[in-house]
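A structural walkthrough
Here is what each chain is made of, one letter per residue.
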Amino acid sequence: MFKKIALSAALLALFGTAHAYQAEINAGYENTDIDESENVDTFFINGKYYLNAVNIANKPLAEAAFLSKASNIGLGYAKSSTDDDFIDLDLDTVGVSGEFYIPNSQFYVSGSLNRTELTAKAFGEEESDDNTGYAVEVGYLPMTGLLLAVGAAKENIDPVQVANYGFTTNFANAISAGEDTAVSLRAKYVTQIGNYFTNFEGLSYFGDETSYRLGADLYLDPTLSLGVSFADSTADDSDTIFAIRAQKFFTPAFAMGVNYSTTDGADSYGINGTYRF
């Protein structure tokens, strides 16, 4: 009898932990092939710690934290580099971030602070420049799965966003916003249509120029998603960036993803992995 009780308790404990996680690590690589130039190699790693365990039951695994309104703090690093015949460029970004869902309310706040250093080497000489960027948001969730947020950002190259949306899109957003503080508008909506969960998201920056990104994901099952997105800006020489992505959770704790983006003169290919515990 006691052995059966102990076994049942162990199974219940295992079942409970299999449906929750409290931290995750993401890492990946992206190669950007630029016409008439050397390739850009981007490596990134970031992590998040959730203040409360995230329950994944009856949710697409990639959206479990959002649907659970899980407050978190994060740390990220991204490095982009090119090795040209005449000049080598290195772009290093490190940042901290946080998302907080106000308890017993529908309000949300987020913020990120990052430091970016650009180093150029040519003909034995080296020069570098750095800046500190930030982004803050205040949001409201009028219904389950829908977030509407407004904020401000300045010279913001967030390593977590580089991981999520790629080097080309984030660098284009930073250039479009310019050195002035930009106003941001963001929306995200995760809902179930028929037998499938879907994710719709949009982000715009209003600075020196206006930039925007729209995307959508279809969850074929809780473990597998396919997504598309496009981004552009009002800058005179801006070209639309089209992207596709896919992610598969092989277990509730481990996932792999791939992405591809293209714009006039550049194509990017990426691979990434996620581990939760």
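Note on numbering: residues in each chain are counted from 1, in written sequence order. Reporting in this predicted model follows two pLDDT cut-offs: at least 70 for local features of residues, and 80 or more for side-chain atom pairs to be given and counted; totals over whole chains, interfaces and linings ignore these cut-offs and use all residues. Based on all heavy atoms of the structure, the side-chain values leave hydrogens and waters out of the count.

Here's the deal with the confidence of the model for the protein
With 87% of its residues at a pLDDT of 70 or more, the protein shows a mean pLDDT of 87. Confidence of the predictor at the level of single residues is captured by pLDDT, which takes values from 0 to 100. Going along the chain from the N terminus, every DSSP run of H or I of four or more residues is numbered as a helix, and every run of E of two or more is numbered as a strand. Per-element mean pLDDT across the protein ranges from 44 in helix α1 (residues 2-18) up to 97 in helix α2 (residues 64-67). Residue contacts follow a heavy-atom distance rule, with two residues in contact if any of their heavy atoms lie within 4.5 Å. Below pLDDT 50 for its whole length, residues 1-17 participates in zero contacts with residues either more than four positions away or in separate chains.

Here's the deal with the side chain of T116
Within the element layout of this structure, T116 appears in strand β5 (residues 107-122). Take T116: its relative accessible area is 4%, and that puts it in the buried class. Among the polar contacts listed, one links the side chain of T116 to the side chain of T93, at a separation of 3.3 Å. What T116 contacts, discounting residues up to four positions off in sequence, is L91, D92, T93, D129, D130, N131 and I157. For every residue, the accessible area obtained with a 1.4 Å probe (protein chains only) is divided by the maximum for its type, and the residue is called buried under 20%, exposed over 50%, and partly exposed between those limits. For the purposes of these results, a polar contact is taken to be a pair of N or O atoms within 3.5 Å, where, inside protein, one atom must be able to donate a hydrogen and its partner to accept one; residues adjacent in sequence count only when each atom of the pair is a side-chain atom.

So, the pairing of strand β3 (residues 72-83)
Two elements, strand β2 (residues 40-55) and β3, share eleven bridges in a ladder whose sense is antiparallel. Of the residues in β3, the one forming a bridge with I45 is Y77. Sheet analysis places β3 next to strand β4 (residues 88-101), joined by twelve bridges and oriented antiparallel. Across the sheet, residue G76 finds its bridge partner in β4, namely G95. One requirement defines pairing of two strands: DSSP has to find at least two bridges between them.

A word on the pairing of β4
Sheet topology note: the β4/β5 ladder contains 14 bridges and is antiparallel. Bridged to V94 within β5 is R115. The hairpin formed by β4 and β5 contains five residues between the paired strands, and N104 there has a positive phi angle of roughly 60°.

What to know about the pattern of salt bridges
Each salt bridge in this description consists of a side-chain nitrogen of Lys or Arg and a carboxyl oxygen of Asp or Glu lying within 4 Å of one another. Under the counting rule described, the total for this entry stands at eleven salt bridges. In this structure, R276 engages E24 in a salt bridge whose closest nitrogen and oxygen atoms are separated by 3.4 Å. Here the residue R276 occupies a position in strand β14 (residues 266-276), and E24 occupies one in strand β1 (residues 20-34), the gap between them amounting to 252 residues. According to the relative accessible area criterion, E24 is buried, its value standing at 10%. Overlapping salt bridges, with partners in common, bring together E63, K188, E201, D217 and R245 in one network.

Describing the nonpolar core
Note on terminology: a nonpolar core comprises buried Ala, Val, Leu, Ile, Met, Phe, Trp, Tyr and Cys residues joined through side-chain atoms within 4.5 Å. Counting ten residues, the largest nonpolar core is built from Y21, Y50, V54, I56, L61, A64, A65, A70, F249 and A255. Those elements that provide at least two residues to this core are β2 and α2. When near neighbours in sequence (up to four residues on either side) are disregarded, A70 contacts Y50, V54, A65 and Y101.

Examining a negative patch on the surface
Patch membership requires more than 30% relative accessible area and the absence of a salt bridge. Residues of like charge join within 9 Å; the nonpolar side chains Val, Leu, Ile, Met, Phe, Trp and Tyr join within 5 Å. Using a 1.4 Å probe, accessible areas were evaluated by the Shrake-Rupley method; residue-level cover was limited to the displayed protein chains. We count Lys and Arg on the positive side and Asp and Glu on the negative side, and we leave His and both chain ends out. By convention, the point assigned to a charge is CZ for Arg, NZ for Lys, CD for Glu and CG for Asp. A cluster of acidic side chains, namely D33, D35, E36, D236, D237, D239 and D264, defines a negative patch on the protein surface. If you trace the backbone, D264 turns up in the loop between β13 (254-263) and β14.

Looking at the environment of L51
Along the polypeptide, L51 turns up in strand β2. C-alpha of L51 to C-alpha of A70: the two residues are 19 residues apart in sequence and 7.2 Å apart in space. Residue contacts for L51: discarding those within four places in its chain leaves Q22, S71 and F100.

Considerations on unusual backbone geometry
Phi at N58 is positive, roughly 60°, even though this residue is not glycine. Take N58: its relative accessible area is 76%, and that puts it in the exposed class.

Thoughts on the environment of Q192
Tracing the backbone shows Q192 in strand β8 (residues 182-193). Sequence-wise, Q192 and G145 are 47 residues apart; in three dimensions their C-alpha atoms are separated by 9.7 Å. Reaching out from Q192, the side chain makes a polar contact with the backbone oxygen of G194 at a distance of 3.5 Å.

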